[in-house]
Amino acid sequence: MNRELQVSQEQLISAWQERLPALMNTGDSFTVQGDAANDQSLLIHFNAAGHQEYALDFRCTYVDSREVAVDLIDVEQGGWHADERSEAVQLLAQQYTRQIHECAQALQDVTNP
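Anyway, here's the lowdown on the structure attached to this text. Just so you know, these numbers come straight off a predicted model, no measurement behind them.

This part covers the overall build of the protein. A count of helices and strands for the protein gives three helices and five strands. Its helices and strands in sequence order give the protein the pattern α-β-β-β-β-β-α-α, from N to C terminus. Taken over C-alpha atoms, the radius of gyration comes to 14 Å for the protein, in line with the 13 Å a tight globule of 113 residues would show. Along the longest, intermediate and shortest principal axes, the C-alpha atoms of the protein span 40 × 25 × 20 Å. Burial status across the protein gives 41% buried among its 113 residues. Element-wise, carbon and sulfur atoms account for 46% of the exposed surface of the protein, whose accessible area totals about 6,500 Å². For the protein, the centre of its 6 positive side-chain charges and the centre of its 18 negative side-chain charges are spaced 8 Å apart.

This part covers the pairing of strand β4 (residues 68-77). Within a regular strand, the side chains alternate between the two sheet faces. Two strands pair when backbone bridges link them, and strand β3 (residues 54-62) and β4 are joined in this way by nine bridges, in the antiparallel orientation. When the sheet's bridge partners are listed, Tyr62 is paired in β4 with Val68. Taking the residues that link successive antiparallel strands as the turn, the β3-β4 hairpin has five residues. Relative to strand β5 (residues 80-81), β4 runs antiparallel, the two sharing two bridges. Pairing of Glu76 across the sheet is with His81, part of β5.

On to helix α1 (residues 9-19), then. Turning to α1, its buried residues number three or more, namely Gln9, Leu12, Ile13, Ala15 and Trp16. On an axial view of α1, the arc spanned by its buried residues comes to 170°, and they lie on one face. Exposed side of α1, more than 90 degrees from the buried face: Glu10 and Glu18 are the residues found there. Of the surrounding secondary structure, the elements contacted by the buried residues of α1 are β1 (29-35), β2 (38-47), β3, α2 (87-106) and α3 (108-111).

What counts, and at which threshold
- Residue numbers restart at each chain and count upward from 1, following the sequence in its written direction.
- Only residues with pLDDT of at least 70 are given local features in this predicted model, and only at 80 or more are side-chain atom pairs given and counted; all residues enter the totals for whole chains, interfaces and linings.
- Calculation of side-chain values draws on the structure's entire complement of heavy atoms; hydrogens and water are dropped beforehand.
- The secondary structure listing takes helices from DSSP runs of H or I that are at least 4 residues long and strands from runs of E that are at least 2 residues long, numbered from the N terminus.
- We compute the radius of gyration over the C-alpha atoms and compare it with the globule rule, which gives 2.2 Å times the number of residues raised to the power 0.38.
- Burial classification: accessible surface area is computed with a 1.4 Å probe over protein chains only, and a residue below 20% of its type maximum counts as buried, one above 50% as exposed, and the rest as partly exposed.
- Using a 1.4 Å probe, the Shrake-Rupley method yields the accessible areas, and only the shown protein chains count as cover for residues.
- Only four residue types enter the tally: Lys and Arg on the positive side, Asp and Glu on the negative side; His and the chain ends are excluded.
- For the purpose of locating charges, the reference atoms are NZ of Lys, CZ of Arg, CG of Asp and CD of Glu.
- Here the rule is simple: two strands pair whenever DSSP picks up at least two bridges between them.
- What the arc measures is the spread of directions leading from the helix axis to the C-beta atoms.
- Between two residues, a contact is recorded if the distance between any of their heavy atoms is within 4.5 Å.

Have a look at this one:
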């Protein structure tokens, strides 16, 4: 049985900021903020470690209390828009998407009490 999310966006942001670092690669950094257009969504910005200077933005939307939908919304390299189809970007996007799903799973005690 799917249940609607009963957690505030502020609680989600706090929980994600606490739990996501444990899933990150060394040197990578991130920010999490609420999506002003949807209180069931978070905007997650990743800065990849290394010399490529990739930054990827994702929207993570709670479909219900157990499931999230993850969308890549922007990719930059060195401050400039980057081709999302390049192999390096695809690999990073897959890695970060997996980390987002892992974090959502780890937070089920918060989102699906």
